[in-house]
Amino acid sequence: MGTAAKRWGFQGKQELNAASATTVRGYLNLLMANVSHHNTSPVIPLGHGDPSHFPSFRTTPAAEDAIVHALRSAKHNCYAPTVGILPARRAIADYLNRDLPYKLSPDDVYLTVGCTQAIEIVTAVLARPGANILLPRPSYPYYDTCAAYNRIEIRHYDLLPENGWEVDLDAVETLADENTVAIVIVNPGNPCGNVFSYEQLNKVAETARKLGILVVADEAYDNLAFGSTRYVPMRVFGSTVPVLTLGSVSKRWIVPGWRLGWLVTSDPDGILQKSGVIDSIVGFLNISSDPATFIQAAIPQILENTEEEFFSKIICTLRECADICYDKVEEIPCLTCPKKPEGSMFVMVKLNVAMLEDISDDMDFCLKLAKEESVIILPGRAVGMKNWLRITFAIESCLLQEGLARVKSFCQRHAEKQ
Ligand SMILES: *Cc1c(COP(=O)(O)O)cnc(C)c1O
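Conventions and cut-offs
Residues numbered from 1 in each chain as written. Predicted model: local features only at pLDDT ≥ 70, side-chain atom pairs only at ≥ 80, totals over all residues. Heavy atoms only, no water. UniProt positions renumbered as here; feature names shortened; annotations may be inferred. Domains from an automatic or database assignment. Contact = heavy atoms within 4.5 Å. Buried area = accessible area lost by both parts, 1.4 Å probe. Salt bridge = Lys/Arg side-chain N within 4 Å of Asp/Glu carboxyl O. Polar contact = N/O pair within 3.5 Å; in protein donor to acceptor, adjacent residues only side chain to side chain. Helix = DSSP H or I, 4+ residues; strand = E, 2+ residues; numbered from the N terminus. Pairing = 2+ DSSP bridges. Axes fitted to C-alpha atoms, helices over the stretch in contact; angles between N-to-C directions. Buried < 20%, exposed > 50% of the residue type's maximum accessible area, 1.4 Å probe, protein only. Phe/Tyr/Trp six-rings, centres within 6.5 Å; stacked < 30°, edge-to-face > 60°. Lys NZ or Arg CZ within 6 Å of the ring centre and 35° of its normal. Core = buried A, V, L, I, M, F, W, Y, C linked by side-chain atoms within 4.5 Å. 1 Å grid on protein atoms, 1.4 Å probe; cavity = no way out; pocket = protein on both sides within 12 Å on 5 of 7 lines; lining within 4 Å. Points joined across faces, edges and corners; volume = space filled by probe spheres on them. Nonpolar A, V, L, I, M, F, W, Y, C, P; charged D, E, K, R; others polar.

- As annotated in an unreviewed UniProt entry, the protein chain carries the name Aminotransferase class I/classII large domain-containing protein and is attributed to Hibiscus sabdariffa.
- We quote the UniProt Sequence similarities (unreviewed entry) comment for the protein chain here in full: "Belongs to the class-I pyridoxal-phosphate-dependent aminotransferase family."
- The record in UniProt for the protein chain states the following under Cofactor (unreviewed entry): "pyridoxal 5'-phosphate".

Re the domain arrangement of the protein chain
And step 1. Here the domain parsing of the protein chain yields domain 1 (21–58 + 309–413) and domain 2 (62–305).
And step 2. Of note, the centres of domain 1 and domain 2, computed from C-alpha atoms alone, are 27 Å apart.
And step 3. If you look at the interface, domain 1 gives 31 residues, while domain 2 gives 28 residues.
And step 4. Taken over both partners, the interface formed by domain 1 and domain 2 buries close to 2,600 Å², and the fraction arising from carbon and sulfur atoms is 66%.
And step 5. On the domain 1 side of the contact with domain 2, Phe 311, Glu 342 and Ser 344 bury the most area, a combined 25% of that side's loss.
And step 6. The interface formed by domain 1 and domain 2 includes 1 salt bridge.
And step 7. Of the charged contacts in the structure, one is a salt bridge between Glu 64 and Arg 58, with a shortest N-O distance of 3.0 Å.
And step 8. In this structure, the connection of domain 1 to domain 2 is made through 13 residue pairs in polar contact (both at pLDDT 80 or more).
And step 9. Elements that contribute at least two residues to the side of domain 1 that touches domain 2 include exactly helix H13 (308–330), strand S11 (346–351) and strand S13 (388–392).
And step 10. Examining the composition of the side of domain 1 that touches domain 2, we find that 7 residues originate from one element, H13, more than from any other.

So, the sheet that holds strand S2 (residues 109–112)
And step 1. Taking strand neighbours across the sheet as the criterion, the 8 strands line up as S2-S9-S8-S7-S6-S3-S4-S5 in an open arrangement whose pairing is mixed. Pairing within the sheet leaves two strands with one partner each, and these edge strands are S2 and strand S5 (166–167).
And step 2. Judged from the 6 bridges that link them, strand S8 (residues 243–248) and strand S9 (residues 261–266) form a sheet pairing that is antiparallel. Looking across to S9, one finds that Gly 247 is bridged to Trp 262.
And step 3. Contacts between helix H6 (residues 114–126) and the sheet are confined to S2, strand S3 (132–137), strand S6 (180–186), strand S7 (214–218), S8 and S9, with S8 contributing the most and set at about 155° to the helix.
And step 4. Lying on the sheet, helix H11 (residues 277–286) is in contact with S2 and S9; it crosses S2 at an angle near 30°.

Things to note about the pattern of salt bridges
And step 1. Per the counting criterion, the structure on display carries 16 salt bridges.
And step 2. Residue Lys 328 pairs with Glu 331 through a salt bridge whose shortest N-O separation is 4.0 Å.
And step 3. Residue classification places Lys 328 among the partly exposed positions, given a relative accessible area of 27%.
And step 4. A salt bridge links Asp 362 to Arg 381, with the shortest nitrogen-to-oxygen separation between them at 2.8 Å. Here Arg 381 lies in the loop between strand S12 (375–379) and S13 and Asp 362 lies in helix H14 (residues 362–373), a separation of 19 residues in the sequence.
And step 5. A relative accessible area of 0% places Asp 362 in the buried class.

Description of the packing of aromatic side chains
Aromatic ring pairs are defined here through the distance separating the ring centres and the angle between the ring planes.
And step 1. All told, the structure shown has 10 aromatic pairs when counted by the stated rule.
And step 2. Here Tyr 95 and Trp 253 contribute two aromatic rings whose centre-to-centre distance is 5.9 Å and whose plane-to-plane angle is 55°, an arrangement assigned as tilted. Remark: Trp 253 occurs in the loop between S8 and S9 and Tyr 95 occurs in helix H5 (residues 86–97); sequence separation between them is 158 residues.
And step 3. Here Tyr 95 falls in the buried class, since its relative accessible area comes to 7%.
And step 4. Taking relative accessible area as the criterion, Trp 253 reaches 1% and is therefore assigned buried.
And step 5. A connected cluster of aromatic rings, assembled from ring pairs, spans Tyr 95, Trp 253, Trp 262, Phe 310 and Phe 311.
And step 6. The ring of Tyr 110 carries Arg 89 above its face, with NZ or CZ at 5.4 Å from the centroid.
And step 7. It is Arg 252 that lies over the ring of Trp 253; its NZ or CZ is 5.9 Å from the centre.

As for the nonpolar core
And step 1. Ile 185, Met 234, Leu 246, Trp 253, Phe 365 and Val 407 are the most contacted members of the largest nonpolar core, which totals 144 residues.
And step 2. With 10 residues, H13 is the largest single contributor of residues to this core.
And step 3. When near neighbours in sequence (up to four residues on either side) are disregarded, Val 407 contacts Ile 332, Leu 335, Phe 365, Leu 369, Val 375 and Ile 377.

A look at the sheet that holds S13
And step 1. Here 5 strands make up an open sheet; going across it, the order is S1-S12-S13-S11-S10 and the pairing mixed. The open sheet is flanked by strand S1 (44–46) and strand S10 (335–336), the only strands paired with a single partner.
And step 2. Where S11 and S13 come together, 5 bridges link them in antiparallel fashion. What sits directly across from Val 347, in S13, is Ile 391.
And step 3. Of the strands in this sheet, S1, S10, S12 and S13 are in contact with helix H15 (residues 397–413), which crosses S1 at around 90°.

Some details on empty space enclosed by the protein
Any space left empty among the atoms is revealed by the rolling of a water-sized probe across them.
And step 1. All chains considered together, the criterion is met by 1 cavity of 30 Å³ or more.
And step 2. In this model, the largest cavity occupies a volume close to 30 Å³.
And step 3. Along the walls of the largest cavity sit Pro 136, Pro 138, Ser 139, Tyr 140, Leu 159, Val 186, Gly 189, Asn 190, Pro 191, Cys 192 and Asn 194, which together make up its complete lining.
And step 4. Among the residues making up the lining of the largest cavity, the classes are represented as 7 nonpolar, 4 polar and no charged.

Shown next as structure tokens:
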């Protein structure tokens, strides 16, 4: 290796390559590379959660108009303050204040580059020597990536499929110690499609309070709930325990490319303020990049002008898709779905490899499925559960039917002969 190569550290680059190969995108890229070029039928993507290019999931014109208006005003070609522009922070505080027993102020809201950057901030801010964090299994793996990057020890608590993916609270108490900084919950759930009940969230809050830790509530799918369990935001329990809410317009408005999210502190008792968490958040924002100013500027109008009709139509579409997905999966003997999805865009399905002749595990299943049927499904190992699958149902319903029909014939073809 030459001196320049040594200087720029190829060792580090290999680590990056290894880390990115095990992200959701890494798995999906690998599967896409396995799709056979001989296969003329179109690829059916049941792997990722970005339905923005399907007609049934087009965002509302009200949001598009807000962006155009903000851009054309020529008032937002400037840099924004690092915490975000005030009208947007105020609009988000108002949006999140509905149903809250206390009131958030614009100062509690920090604008971020999608919910993704909010995850980066939270993990960076909570990091300290010896710290550990409680993450769900199955997980949204970016938390694991960011925790590892910030050298926070990861301790997984289980979501229990036999209990409708409820949090294993006994495990949470056993896993936590004096170095635990927070518990992360994702609600509505990615990857499980579950929605936590009020009672369950209350128990999480009480447990966190007892343990003296924060709750990080990832609500990227806020309000995308279509089952019998009502969606309740974690910050309702802000007086019990400090809550950091992470959200964005990506999923509810189906515009993940707009990269506008938020980190919100619910801290009616001033605990985050006293412990320096707030100062660290501002410090992080001062040295990182911001969402585009005109997108920030469009936020008040996006939140104000989106008609209820748009949300209810999307909820309706997701419910129909979830029903189709659940019913079709039920018809496939080697797959079982422990709980019908009630929220988000995903469902976790258990794969019984013993019923298949020449499939060794979830990865093998997904690779062969991509190759033979041009259907992309995420292997469960990508979210911490081997021999499970994560299926996205947020796609045009005719494509969903076609995709699952292909999965069925694939499973029939590979079934263990009696
Ligand atoms: C999509 C997603 C994110 C990231 O959201 P962006 O706004 O696209 O950055 C974060 N958390 C969960 C659970 C998600 O599904």
